[in-house]
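# Analysis of the macromolecular model
Chain by chain, the residues run as shown.
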Amino acid sequence: MNLSFLPPDMNWTCEPCGEKLQPGIVELQYVGSVFKVELPVCPKCGKALISEDLAIGRMLEVELLLEDK
Ligand SMILES: [Zn+2]
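Rules used throughout
- Residue positions are given per chain, counting from 1 as you read along its sequence in written order.
- Reporting of local features is limited, given that this is a predicted model, to residues whose pLDDT is at least 70; pairs of side-chain atoms are given and counted only at 80 or more, and all residues count toward the totals for whole chains, interfaces and linings.
- Numbering of helices and strands runs from the N terminus, with a helix taken as a DSSP run of H or I at least four residues long and a strand as a DSSP run of E at least two residues long.
- Once C-beta atoms are placed from the backbone, any two residues with those atoms within 7 Å are in contact.
- DSSP bridges decide pairing: two strands pair if at least two such bridges lie between them.
- We define a nonpolar core as a collection of buried residues of the types Ala, Val, Leu, Ile, Met, Phe, Trp, Tyr and Cys that are connected via C-beta atoms lying within 7 Å of each other.
- We call a residue exposed when 12 or fewer other C-beta atoms sit within 10 Å of its C-beta, buried when the count reaches 20 or more, and partly exposed for counts in between; the C-beta positions come from the backbone.

## Thoughts on the overall build of the chain
If you tally the helices and strands in the chain, you get 1 helix and 3 strands. Going from N to C terminus, the chain has its helices and strands arranged as β-β-β-α. Along the first, second and third principal axes, the C-alpha atoms of the chain reach 45 × 25 × 15 Å. Pairs at least 24 residues apart make up 49% of the contacts formed inside the chain by residues separated by at least 6 positions.

## Digging into the pairing of strand β3 (residues 33-41)
Remark: a regular strand shows side chains that alternate across the two faces of the sheet. Pairing geometry for strand β2 (residues 22-30) and β3, over 9 bridges, is antiparallel. The residue of β3 that forms the bridge with Ile25 is Glu38. Count of turn residues in the β2/β3 antiparallel hairpin: 2 residues, of which Val31 carries a positive phi of about 40°.

## So, the environment of Met59
Mapping Met59 onto the fold places it in helix α1 (residues 52-67). For Met59 and Val37, which are 22 residues apart along the polypeptide, the C-alpha to C-alpha distance reads 9.4 Å. Residues in contact with Met59, not counting those within four places in the same chain, are Leu3, Tyr30 and Phe35.

## Some details on the nonpolar core
Of all hydrophobic cores here, the largest spans 7 residues; its members are Leu21, Val37, Leu39, Val41, Cys42, Ala48 and Ala55. Looking at which element gives the most residues to this core, the answer is β3, with 3 residues. Setting aside chain neighbours within four positions, we find Ala55 in contact with Phe5, Leu28, Val37, Leu39 and Ile50.

Here is the structure:
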């Protein structure tokens, strides 16, 4: 499953580094599966701006929507 959580403007900055965030693929582990999620990532420290918890929460929402057909 590939999900993207990029903001529409991508004009975000990593506070400690002062670097502009760039789209990057982050692997999240959830219930034994690995999901690849596209998040804004700092090129300097590699930190994703959106927390894994938030991304997993969004993934659960998507899963529920898929099951709800
Ligand atoms: Zn940074």
